[in-house]
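# Fold and geometry: a report
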Amino acid sequence: MRADARRNLDKIVVAAAEVMAEHGVGVPMEAVARRAGVGVGTLYRRFPDRNALIVAVGDHYVHTMAQALDEAARRTRDAWSAVREFVSWASEPGRAALATALAELPQEAIADRAEFARAREQWVRQLGDLVGRAQAEGSMRTDVGVGDLIHLLNVFTCHPGTLPEPVAADPGRYLRLMLDGMTAAAATYALPG
């Protein structure tokens with residue numbers, strides 16, 4: 001692929017992620033083209049239909065998760081700080097809105113995508129490594145794991161509509177409270193499971 005074609009492709013996917021975060025996956029393709037600064041014809045040459053674009057946005061999303069974990073691990077002094085930074089990053093309103101929009105996708109749209117599965121496995125493995133390090137450092141409870149963090153992110157980012165009031169009014173506050181409950185110092189008894 002030529003460099004200019006690659007740039008257009010990247011611009012379209014990033015723009016689509018932004019617009020879908022703001023308006024959902026059903027946003028008009030023209031709005032995506034406008035945000036990307038390309039013509040509608042260029043968009044349709046790269047993505048013949050909405051599903052192709054949504055799949056590309058899903059791939060982009062899971063790759064950014066892995067990149068964010070790398071950056072958090074590089075910037076912080078310890079693994080628990082990196083975990084907290086990543087969870088905060090993933091739950092920022094625009095990113096959470098994109099996660100919500102992608103959660104509405106039919107599972108078959110992404111289930112058989114090998115690239116998506118590889119990228120998802122990568123960021124889950126990276127998060128698992130950080131959790132293991134945080135536990136070894138003594139800063140994170142040993143009776144919670146990567147699955148607990150993923151479920152927490154899933155509730156707060158993919159399904160915020162299921163949160164009861166007042167949690168829905170200030171999800172960041174409650175997410176921080178839940179993270180604080182995962183610290184080693186907060187462990188007053190062992191959790192089952």
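Our structure is the block above this text.
The text that follows walks through the structure, step by step, so that each part is easy to find. This one's a predicted model, so the numbers in the text were calculated from it and none came from an experiment.

The rules behind each value
Residues numbered from 1 in each chain as written. Predicted model: local features only at pLDDT ≥ 70, side-chain atom pairs only at ≥ 80, totals over all residues. Heavy atoms only, no water. Helix = DSSP H or I, 4+ residues; strand = E, 2+ residues; numbered from the N terminus. Contact = heavy atoms within 4.5 Å. Salt bridge = Lys/Arg side-chain N within 4 Å of Asp/Glu carboxyl O. Buried < 20%, exposed > 50% of the residue type's maximum accessible area, 1.4 Å probe, protein only. Core = buried A, V, L, I, M, F, W, Y, C linked by side-chain atoms within 4.5 Å. Expected span 1.5 Å × (residues − 1). Polar contact = N/O pair within 3.5 Å; in protein donor to acceptor, adjacent residues only side chain to side chain. Axes fitted to C-alpha atoms, helices over the stretch in contact; angles between N-to-C directions. Parallel < 35°, antiparallel > 145°, perpendicular 65-115°, else oblique. Left-handed = near helix turned anticlockwise from the far one by under 90°. Phe/Tyr/Trp six-rings, centres within 6.5 Å; stacked < 30°, edge-to-face > 60°. Lys NZ or Arg CZ within 6 Å of the ring centre and 35° of its normal.

This brings us to the environment of Met178. Note on placement: Met178 falls in helix H9 (residues 171-180). In this structure the C-alpha to C-alpha distance between Met178 and Leu102, which are 76 residues apart in sequence, comes to 24 Å. Ignoring any residue separated from it by four or fewer positions in sequence, one finds Met178 in contact with Leu152 and Phe156.

Moving on, we come to the environment of Gly26. On the secondary structure map, Gly26 appears in the loop between helix H1 (3-23) and helix H2 (29-36). The spatial distance from the C-alpha of Gly26 to the C-alpha of Arg50 is 8.3 Å, given a sequence separation of 24 residues.

What follows concerns the pattern of salt bridges. Applying the stated criterion across every chain yields a total of 7 salt bridges. Notably, a salt bridge pairs Arg75 with Glu85, separated by 2.2 Å at the nearest N-O pair. Here Arg75 is found in helix H4 (residues 50-75), whereas its partner Glu85 is found in helix H5 (residues 79-90), with 10 residues between them in sequence. The class of Arg75 is exposed, set by a relative accessible area of 55%.

Here we come to the nonpolar core. Counting 62 residues, the largest nonpolar core has Met20, Leu53, Phe86, Trp123 and Leu149 as its most contacted members. Among the secondary structure elements, those contributing two or more residues to this core are H1, H2, H4, H5, helix H6 (93-103), helix H7 (114-136), helix H8 (146-158) and H9. When neighbours within four sequence positions are excluded, Trp123 is seen to be in contact with Val62, Met65, Ala66, Leu69, Phe86 and Ile150.

Here we take up H7. With 23 residues, H7 extends 32 Å from end C-alpha to end C-alpha; this agrees with the ideal 33 Å at 1.5 Å per step. Considered for burial, the residues of H7 that qualify are Phe116, Ala119, Trp123, Val124, Gln126, Leu127, Leu130, Val131 and Ala134. Close packing links the buried residues of H7 with H4, H5 and H8. Where H7 terminates, the next one or two residues include Gly138, which has phi positive at roughly 85°.

To continue, consider unusual backbone geometry. Here Glu165 and Pro166 are connected by a cis peptide whose omega angle stands at 0°. As for its placement among the helices and strands, Pro166 is situated in the loop between H8 and H9.

Attention now goes to H4. A turn of α-helix holds 3.6 residues, and therefore any two residues three or four places apart point the same way. In this model H4 runs 37 Å from its N-terminal to its C-terminal C-alpha over 26 residues, within 8% of the 38 Å that 1.5 Å per residue would give. By the N-cap criterion, in which a side-chain oxygen at the helix start approaches the backbone nitrogen of a residue two or three places on, H4 is capped by Asp49, the distance to Asn51 being 3.2 Å.

On to the packing of H7 against H8. Two elements in contact, H7 and H8, have axes separated by 9 Å at closest approach and are oriented at 120°. The orientation of H7 relative to H8 falls into the category oblique. Note that H7 runs across H8; the crossing there is right-handed. Here Arg120, Trp123, Val124, Leu127, Gly128 and Val131 of H7 lie close against H8, whose contacting residues are Val146, Leu149 and Ile150.

So, on to the packing of aromatic side chains. Counting across every chain of the model gives 2 aromatic pairs. Ring centres of Phe86 and Trp89 lie 5.9 Å apart, and the angle between their planes is 25°; this geometry places the pair in the stacked category. Linking Phe86 with Trp89, this pair stays in helix H5, spanning 3 residues, or about one helical turn. Take Phe86: its relative accessible area is 1%, and that puts it in the buried class. Look at Phe86 and Trp123: their rings are 5.9 Å apart centre to centre, the planes differ by 45°, and that puts the pair in the tilted class. Taken together, the residues Phe86 in helix H5 and Trp123 in helix H7 connect sequence positions 37 residues apart. As far as burial versus exposure is concerned, Phe86 and Trp123 are alike and both buried. Joined through ring pairs, the aromatic side chains of Phe86, Trp89 and Trp123 make up one cluster. When the ring centre of Tyr174 is taken as reference, the NZ or CZ atom of Arg173 above it lies at 5.7 Å.

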